[in-house]
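Each chain, letter by letter, is given below.
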2 protein chains.
Amino acid sequence: MSKNAIMLTPGPTPLPPSVSHAMAKPILHHRTKEFGELFDFTLREMQYVYRTKSTVLMMTCSGTGSMESAVVNLLSPGDKALVHTTGAFGDRFVKILKTYGLFPIIVAEEWGHAADPKKLAKALKENKDVRVVFFQHTDTSTGIVNDLKTLADEVRKHSAAIIVVDSISGLAAEPLEMDAWGLDVVLTGSQKGLMNAPGLAFAAVSERTWKLVETASLPRFYYDWRTMLKSVKDKETPYTPGVTLVMGQAEALRLIRQEGIENVWKRTAELAKYTRAWAARVDLPLFAADPANILTALKLPEGLDGQALIQEILREESISIAGGQLHLKGKIIRIAHMGFISKSDLDAGFAALEKRLARVKA
Amino acid sequence: MSKNAIMLTPGPTPLPPSVSHAMAKPILHHRTKEFGELFDFTLREMQYVYRTKSTVLMMTCSGTGSMESAVVNLLSPGDKALVHTTGAFGDRFVKILKTYGLFPIIVAEEWGHAADPKKLAKALKENKDVRVVFFQHTDTSTGIVNDLKTLADEVRKHSAAIIVVDSISGLAAEPLEMDAWGLDVVLTGSQKGLMNAPGLAFAAVSERTWKLVETASLPRFYYDWRTMLKSVKDKETPYTPGVTLVMGQAEALRLIRQEGIENVWKRTAELAKYTRAWAARVDLPLFAADPANILTALKLPEGLDGQALIQEILREESISIAGGQLHLKGKIIRIAHMGFISKSDLDAGFAALEKRLARVKA
């Protein structure tokens with residue numbers, strides 16, 4: 001008998017049964033009124049999640065596609081951009097910018113540390129003409145959360161730059177106030193806090209950002225936000241969207257509205273606290289100096305192969321736990337507690353880990 | 001009681017129940033061996049459908065995204081490209097090329113007519129240095145099918161150009177022999193003949209094409225085929241893919257293998273013949289001079305509003321039929337018979353149409 005798998009991975013996260021059911025309903029044609037209304041509902045509910053009155057755009061792609069869309073819709077050759085990077089996903093913005101011939105100013109933090117507003121201030125003072133500043137909300141590679149409010153305030157002190165936030169792993173898990181904090185563009189993906197399958201991405205775009213979108217001259221077709229903006233008004237997507245994914249997303253957004261976004265944040269924070277307390281009990285130190293609520297990264301004892309550990313747990317207990325990325329491979333484990341991940345899922349993961357940690361100590 | 005909807009639309013097409021079930025299974029994490037094997041299985045079965053030994057790449061996006069991927073991976077500024085367009089989707093290649101600053105040679109057919117090899121030959125003789133030639137396999141806007149074998153032979157007579165085919169609506173419905181016909185790149189989407197939900201696209205890329213991919217200098221990140229090629233070898237996608245869509249695609253490919261691809265072609269051809277015979281009986285002339293098997297476009301009697309007709313049928317009978325696009329809006333209807341569309345689905349559509357056509361005549 002196959003076991004019921006448990007996922008403690010930072011996306012895809014497990015799907016609520018009603019989301020899976022919604023996606024299994026007879027598929028809608030995307031040029032019908034029924035789909036148009038579902039699309040419109042989804043975008044309006046996304047405004048609720050983003051805490052914004054700004055327009056929300058939808059695209060059928062991975063979160064990385066939405067990051068590329070921000071680059072190509074906001075910048076022109078020769079423009080100055082700044083990336084304040086706190087891990088693998090911040091570095092991805094740098095790679096995308098370089099692909100388009102732009103060489104951004106990079107403010108880099110040691111992995112595990114949040115973005116330092118003082119370092120940001122220094123870079124901005126030296127570069128008054130920065131057009132776009134890129135941040136992560138949370139970085140799943142290290143388990144940190146950035147203080148976006150303070151960072152955004154800092155940007156405004158020194159420049160008129162557009163503030164772009166990758167909240168692919170943060171939204172609907174960590175508190176985020178797009179309008180109150182003055183964020184211009186917030187990107188996200190469907191498969192984390194949004195409790196849907198992967199394949200949809202969203203970008204909330206502030207009013208003042210559209211001026212830049214009109215003048216930006218990097219080439220884009222599928223990712224053109226102007227076409228997407230028209231689709232919001234028409235309630236009809238330009239190309240065939242991920243229809244089943246929209247059906248699932250609408251249901252997941254109904255669940256979020258039912259719980260209340262503040263309660264979602266609170267629940268995620270409580271699970272993070274619960275995980276940190278367990279980690280302290282079993283002597284696994286936190287990797288992040290500024291730990292996020294979405295995910296806890298833990299340092300493993302010297303000599304323990306983290307990759308072998310998580311592979312064994314997956315094989316023997318059908319529990320997925322993420323390992324470290326790049327230079328952290330084998331050295332840390334990452335336990336997610338966002339989206340539909342529950343306390344009992346965490347308990348199962350803790351038990352599987354404890355059993356094997358005891359064996360190492362013995 | 002809500003009626004069981006019938007879709008006669010050219011994508012999304014209806015999903016086989018086992019495909020919906022596969023997508024509703026507990027979601028896999030994309031960095032697991034289990035997903036890697038499903039991804040690998042999907043790409044290998046796609047080779048069977050494409051009739052090719054070439055590498056098949058997968059991307060999470062609409063079919064249009066795959067069209068853009070072909071442009072950015074094959075061309076450099078100043079390169080000469082040729083588009084032989086037979087409808088709205090051929091014109092889309094022109095738009096994408098122009099977005100990237102390339103002004104292709106355009107060979108255009110009147111809507112409803114297949115690509116004329118003589119016109120192609122003339123254009124190629126005058127432009128020996130064309131690097132890439134773009135064709136449609138079928139164009140759903142007009143219901144035509146192109147004779148790709150003859151067109152590809154013609155290209156080779158005059159040039160060494162890479163032959164790119166948009167078979168987004170043709171694959172797994174109309175006969176296509178990628179290797180035997182010498183096609184270099186064949187693009188497709190998941191939501192038509194492939195009987196899956198929309199959101200995945202594929203590109204089969206011939207060996208000789210990779211040389212061009214290496215030297216092409218248009219910018220691309222998410223759509224970079226070199227990154228995708230590495231993912232095929234690693235059995236692991238670079239970014240979080242549409243996991244549920246891959247689960248559905250693997251199941252749909254199992255169904256296609258079970259039936260046999262030639263039998264899929266034969267079944268689609270029989271449904272097309274059945275539809276044309278019905279159309280002749282009710283005096284609706286074919287729009288296409290070179291009709292495809294995937295879809296039948298029919299001219300409506302003067303004075304009959306096609307848009308109102310299909311909206312009424314959808315509202316009253318829950319049957320989706322597509323109308324005309326752009327200048328054909330209201331003037332034609334398009335009845336698809338690809339993928340999981342059955343003879344009984346068609347009968348229901350015919351009955352709904354006949355009832356209303358009789359009313360017009362009365």
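Structural data are supplied above this passage.
This text gives an overview of the structure that appears in the document. All of these numbers come straight from a predicted model, not from anything done at the bench.

About the thresholds
The numbering scheme is per chain: residues are counted from 1 as the chain's sequence reads. To label them, take the chains in the order written and letter them from A, then take the ligands in the order written and number them from 1. Under the rules for a predicted model, residues below a pLDDT of 70 receive no local features and side-chain atom pairs below 80 are neither given nor counted, while totals for whole chains, interfaces and linings still include all residues. Residues are called buried when their C-beta atom has 20 or more other C-beta atoms within 10 Å, exposed when it has 12 or fewer, and partly exposed otherwise; all C-beta atoms are positioned from the backbone. Starting at the N terminus, helices and strands are each numbered in turn, a helix being any DSSP run of H or I of at least four residues and a strand any DSSP run of E of at least two. Strand pairing requires that DSSP identify at least two bridges connecting the strands. The contact rule is simple: place each C-beta atom from the backbone, and if two of them lie within 7 Å, those residues are in contact. Under the scheme applied here, ten amino acids are nonpolar (Ala, Val, Leu, Ile, Met, Phe, Trp, Tyr, Cys and Pro), four are charged (Asp, Glu, Lys and Arg), and all others, including Gly, are polar.

Residue and element names in this part refer to chain B. Within strand β5 (residues 132-136), five of the five residues are buried, which leaves it mostly tucked inside the rest of the structure. Both faces of β5 are covered, namely the face carrying Val132, Phe134 and Gln136 and the face carrying Val133 and Phe135. The pairing of strand β3 (residues 81-85) with β5 spans three bridges and is classified as parallel. Bridge pairing links Leu82 to Val133 in β5. Note that β5 and strand β8 (residues 162-166) share five bridges and pair parallel. Residue pairing in the sheet places Val132 in a bridge with Ile162 of β8.

Now for the interface of chain A and chain B. Between chain A and chain B, the residue contacts involve 44 residues of the former and 43 residues of the latter. Looking at the side of chain A that touches chain B, the elements that each hand over two or more residues are α1 (17-24), α3 (63-74), α4 (88-99) and α10 (243-259) of chain A. Its residues placed into classes, the side of chain A that touches chain B shows 22 nonpolar, 20 polar and two charged.

A few words on unusual backbone geometry. That bond from Gly11(A) to Pro12(A) is cis: its omega, -5 degrees, falls within 30 degrees of zero. Residue placement: Pro12(A) occurs in the loop between β1 (6-7) and α1. Phi angles above zero are rare outside glycine, and Arg51(A) is one such case at about 55 degrees. The residue Arg51(A) is located in the loop between α2 (33-50) and β2 (55-60) in this model. Residue class for Arg51(A) comes out partly exposed when judged on the 19 C-beta atoms lying within 10 Å of it. If you check the backbone angles, Ser318(B) has positive phi at about 55 degrees while not being a glycine. Its location among the elements puts Ser318(B) in the loop between α11 (306-317) and β12 (319-320).

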